[in-house]
Amino acid sequence: MTTTYTKEELILKAENISLQYDKLILRDVNFEMHNIVRPGMHQGQVLSLIGRSGIGKTQLFKIMAGLIQPTTGTVKVGVEQQPVKAGDVGVVPQNYILFNHRTIMQNLEQGIANARVKKSAKEQEEMIKEYAAHFDLTDHLKKYPMQLSGGQRQRVSILQQVLTGNHFILLDEPFSGLDALVIDRVVELLLKVSTLDELNTLVIISHDIENSLAISDSAFVLAKEKDKEGATITQKLDLIQMGLAWDPEIRTKKPFIELVNQIKYML
Amino acid sequence: MKILKNLFSPFTTLPRSIYWVVVVSQLILVLALWQVFATGGLIPTPLKIGEAVIRIVTTAYFIDNFFASLLLTLKGMGISIIIALFISYLSLVPFFYPFARFVVKWRYLTLTGLIFLFTLLTSNGSQLKMSLLVFGIVPFFVTSLLHIIDEINVQEYELCKTLRMSNWQTLWEVVIVGRLDQVFEVMRQNFAIAWMMITMVEGLSMSQGGLGTMLIKSNKYIDLSTVFAVLIIILVIGIVFDYLLREMRHWLFPYTQLQVKKK
Ligand SMILES: Nc1ncnc2c1ncn2[C@@H]1O[C@H](COP(=O)(O)OP(=O)(O)O)[C@@H](O)[C@H]1O
Ligand SMILES: [Mg+2]
């Protein structure tokens, strides 16, 4: 595939992250993400952080979200490269926590209320309506979260974070607990979000190799090295260079299937 | 036959109609046994008590006392829940946390030992009753409310942070608005304690009447059918309130019904 693209400014940098609880969970985690530019389109970025269960993915997720402080190191986000603090990046946690005492509409209003760009009440409502249609939530706006299925709640959770105006959205295990059909829809939706804005960046944290890789342009493997305590990034894959990015039919391609199998052994 | 088997095996649910048949027949059985064994004895029979209930509830004497108790309870509950909510919300501010924890421990103080102190501190009988009642209920309310606050999932606070809410907004959204429905549940669960205390504190200042006064007076004259009748009335009122508070919660907070149905 011949796709022209360039990697421009730095938009995310994790430097020397380590996390120590009673044992060392993470060590020497270093990575960077650059804005990917493709002529003639809004091309966002999608990064996968892949690792087996219990390796420390959720902890890294919380560090990147500014919700917990790492023992050492810093995460810097955005073109300005400021140290991350809670609210700078959108977060879709594994079980899609929402305000159960509020309707879907009200939950979405909470997302937009403190948005980066201030809007009038009328504009806010129009924006919610417009996005709700894209996210297939129009019929559910008056319902409470308890009345929605897992997949629907996840969509509300993603939209709530999109409405905050954050370019970065972290998703913890976005494919777990969903059936195959719903996963396909989430994948489609995530791709849509990633191309809404040039700077939109999704970080998918998952143990589901195939689904994560299929929509990513880069992927990092989080694993333990032999005889060393604490997980670190053991492999960095540039899927664009490998010719495995931005291809809707990727799952059927042989090199992709081989890569998925190869990574399975690394976890 | 299957129903009979289900009736005695754990983790099975009965159809609603069968459930009520079981309830009613057990009630009838108990009443019948009571009637048989109490006839001729010291304890009044259900029929006698029933007669007494009917006789009592139509008298002005009862109605006055009933409203005296009800008003005292509602006022006491109202004041107590406001004080308890205030203490509980403040417990999230580090400075006030120790105080809130301390209030919880007051459950172990017995009111009887405090009557003297409260008599000195208050100027009349109704003040004495009210302050004892409030002092008695608040620790129970605070205990339940703090438990609810403890149970809140950290992720809900994290969600607020990622939505860029301030700490005060988070307190408002998650703890105050988000748990308001449970305040009703706390009141419902602790209504029993309030209702129990009421009859006790009413005995301290008999001039204002109340169901507690009625009980004490009838006990003194060994008018046991009245004692039992008042007890039954107290029980029924308690159950009715329990029901009303639950219905009110569902009506005010429709989403609570969804949670129940899901289970
Ligand atoms: N608050 C904590 N204190 C101590 N250990 C923790 C804490 N939170 C998580 N852990 C440990 O960190 C490790 C990684 O957890 P987690 O990040 O949830 O894994 P993953 O998301 O990859 O499945 C686990 O061994 C877990 O027991
Ligand atoms: Mg996890």
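Residues numbered from 1 in each chain as written. Chains lettered and ligands numbered in written order. Predicted model: local features only at pLDDT ≥ 70, side-chain atom pairs only at ≥ 80, totals over all residues. Heavy atoms only, no water.

A. Summary view of the overall build of chain A. In terms of helices and strands, chain A carries seven helices and 10 strands. Computed over its C-alpha atoms, the radius of gyration of chain A comes to 18 Å, within 12% of the 18 Å expected for a compact globule of 267 residues. Judged by the C-alpha coordinates and their principal axes, chain A covers about 55 × 45 × 35 Å. Of the contacts made within chain A by residues no fewer than 6 positions apart, 72% connect residues no fewer than 24 positions apart. Counting only carbon and sulfur atoms, one obtains 51% of the accessible surface of chain A, whose full area is about 12200 Å². Between the centroid of the 30 positive side chains of chain A and the centroid of its 32 negative side chains there is a distance of 4 Å. (Helix = DSSP H or I, 4+ residues; strand = E, 2+ residues; numbered from the N terminus. Rg over C-alpha atoms; globule rule 2.2 N^0.38 Å. Contact = heavy atoms within 4.5 Å. Areas by Shrake-Rupley, 256 points an atom, 1.4 Å probe, with all protein chains shown as cover. Lys, Arg positive; Asp, Glu negative; His and termini not counted. Charge placed at Lys NZ, Arg CZ, Asp CG, Glu CD.)

B. Representation of the domain arrangement of chain B within the structure. Residues and elements named next belong to chain B. Annotation of chain B at the domain level lists domain 1 (1-38) and domain 2 (44-262). When each unit is reduced to the centre of its C-alpha atoms, the spacing between domain 1 and domain 2 is 32 Å. On the domain 2 side, the residues contacting the four residues of domain 1 number six residues. Each partner contributes to the roughly 440 Å² buried at the junction of domain 1 and domain 2, and carbon and sulfur atoms together form 73% of this total. (Domains from an automatic or database assignment. Buried area = accessible area lost by both parts, 1.4 Å probe.)

C. A look at the pairing of strand E8 (residues 201-206) of chain A. All names here are of chain A. Summarising burial for E8: six of the six residues are buried, a large majority. Judged by which residues are buried, E8 turns out to be covered on both faces: Thr201, Val203 and Ile205 on one side and Leu202, Ile204 and Ser206 on the other are all buried. Regarding topology, helix H5 (residues 180-194) serves as the crossover connection from strand E7 (residues 168-172) to the parallel E8, and that connection is right-handed. (Buried < 20%, exposed > 50% of the residue type's maximum accessible area, 1.4 Å probe, protein only. Right-handed = clockwise from strand over helix to strand, strands pointing away.)

D. How the structure looks around the site of ligand 1. Residue and element names in this part refer to chain A. Every residue lining ligand 1 is accounted for by Tyr21, Asp22, Lys23, Ile25, Arg52, Ser53, Gly54, Ile55, Gly56, Lys57, Thr58 and Gln59. In this structure, Lys57 approaches ligand 1 through a main-chain N or O atom, which is 2.8 Å from an oxygen atom. With respect to ligand 1, the side chain of Thr58 contributes an N or O atom lying 2.6 Å from an oxygen atom. Contact with the protein chains hides 61% of the accessible area of ligand 1, taken as 570 Å² for the molecule alone. (Near = heavy atom within 4 Å. Polar contact = N/O pair within 3.5 Å; in protein donor to acceptor, adjacent residues only side chain to side chain.)

E. Inspection of the nonpolar core at higher detail. Residues B:Phe141, B:Val142 and B:Leu211 are the most contacted members of the largest nonpolar core, which totals 71 residues. Not counting chain neighbours up to four residues away, the residues in contact with B:Val142 comprise B:Ala84, B:Ile87, B:Ser88, B:Ala100, B:Val103 and B:Val104. Formed by 35 residues, the second largest nonpolar core is a distinct cluster that contains A:Val46, A:Tyr131, A:Val162 and A:Ile183. (Core = buried A, V, L, I, M, F, W, Y, C linked by side-chain atoms within 4.5 Å.)

F. The domain arrangement of chain A, seen in detail. Residue and element names in this part refer to chain A. By domain assignment, chain A separates into domain 1 (6-89 + 167-266) and domain 2 (97-165). Here domain 1 and domain 2 have C-alpha centroids that lie 25 Å from each other. The interface of domain 1 with domain 2 comprises 15 residues on the first partner and 13 residues on the second. When residues of domain 1 are sorted by the area they lose upon contact with domain 2, Ile169, Arg185 and Leu189 head the list and together hold 39% of the total.

G. Layout of the environment of A:Gln69. Among the structural elements, A:Gln69 can be located in the loop between helix H1 (57-64) and strand E4 (72-77). As a C-alpha pair, A:Gln69 and A:Gln59 span 10 residues in sequence and 9.8 Å in three-dimensional space.

H. Expanded view of a nonpolar patch on the surface. Residues and elements named next belong to chain B. On the surface, a cluster of nonpolar side chains totalling about 420 Å² of accessible area is made up of Ile232, Val236, Val240, Tyr243 and Leu244. Take Val240: it is sitting in helix H12 (residues 224-252). For Val240, a relative accessible area of 41% puts it in the partly exposed group. (Patch = residues over 30% accessible without salt bridge, like charges linked within 9 Å, V, L, I, M, F, W, Y side chains within 5 Å. Salt bridge = Lys/Arg side-chain N within 4 Å of Asp/Glu carboxyl O.)

I. Local environment of the environment of B:Thr58. Residues and elements named next belong to chain B. Checked against the element boundaries, Thr58 lands in the loop between helix H3 (46-57) and helix H4 (60-90). In this structure Thr58 comes out as exposed when scored by relative accessible area, which is 63%. Taking the C-alpha atoms as reference, Thr58 lies 24 Å from Tyr243; in sequence the two are 185 residues apart. There is a polar contact of 3.0 Å between the side chain of Thr58 and the backbone oxygen of Arg55.

J. Inspection of the packing of aromatic side chains at higher detail. For the structure shown, the criterion picks out 16 aromatic pairs over all chains. On the numbers, 5.7 Å between centres and 20° between planes, the contact of B:Phe191 with B:Trp195 is stacked. Here B:Trp195 and B:Phe191 lie together in helix H10 (residues 180-202), a separation of four residues that amounts to about one turn. Both residues of the pair, B:Phe191 and B:Trp195, belong to the buried class. Each residue in the set B:Phe99, B:Phe102, B:Trp106, B:Phe118 and B:Phe135 is aromatic and connected to the rest through ring pairs, giving one cluster. Its guanidinium or amino end placed over the ring of A:Trp246, A:Arg38 lies 3.9 Å from that ring's centre, counting from NZ or CZ. The ring of A:Phe220 has A:Lys236 sitting right over it, with the charged end atom 5.6 Å from the ring centre. (Phe/Tyr/Trp six-rings, centres within 6.5 Å; stacked < 30°, edge-to-face > 60°. Lys NZ or Arg CZ within 6 Å of the ring centre and 35° of its normal.)

K. Focus on the interface of chain B and chain A. Chain B puts 21 residues into the contact, and the matching count from chain A is 27 residues. Both sides of the chain B and chain A interface together cover about 2200 Å² of buried area, and 57% of this is carbon and sulfur. Three residues stand out in chain B for area buried against chain A, namely B:Thr162, B:Leu163 and B:Arg164, and they jointly supply 30% of the buried area on that side. The partner of B:Glu173 in a salt bridge is A:Arg102, with the nearest N and O atoms 2.6 Å apart.

L. Broad picture of the pattern of salt bridges. Residue and element names in this part refer to chain B. The tally for this structure, following the rule as stated, stands at 21 salt bridges over all chains. Note that Arg249 is salt-bridged to Glu185, the shortest N-O span being 3.4 Å. Pair noted here: Arg249 is in helix H12 and Glu185 is in helix H10, with a separation of 64 residues, a long-range link. For Glu185, a relative accessible area of 17% corresponds to the buried category. Several salt bridges converge on common partners, so that one network encompasses Asp181, Glu185, Arg188, Asp242 and Arg249.

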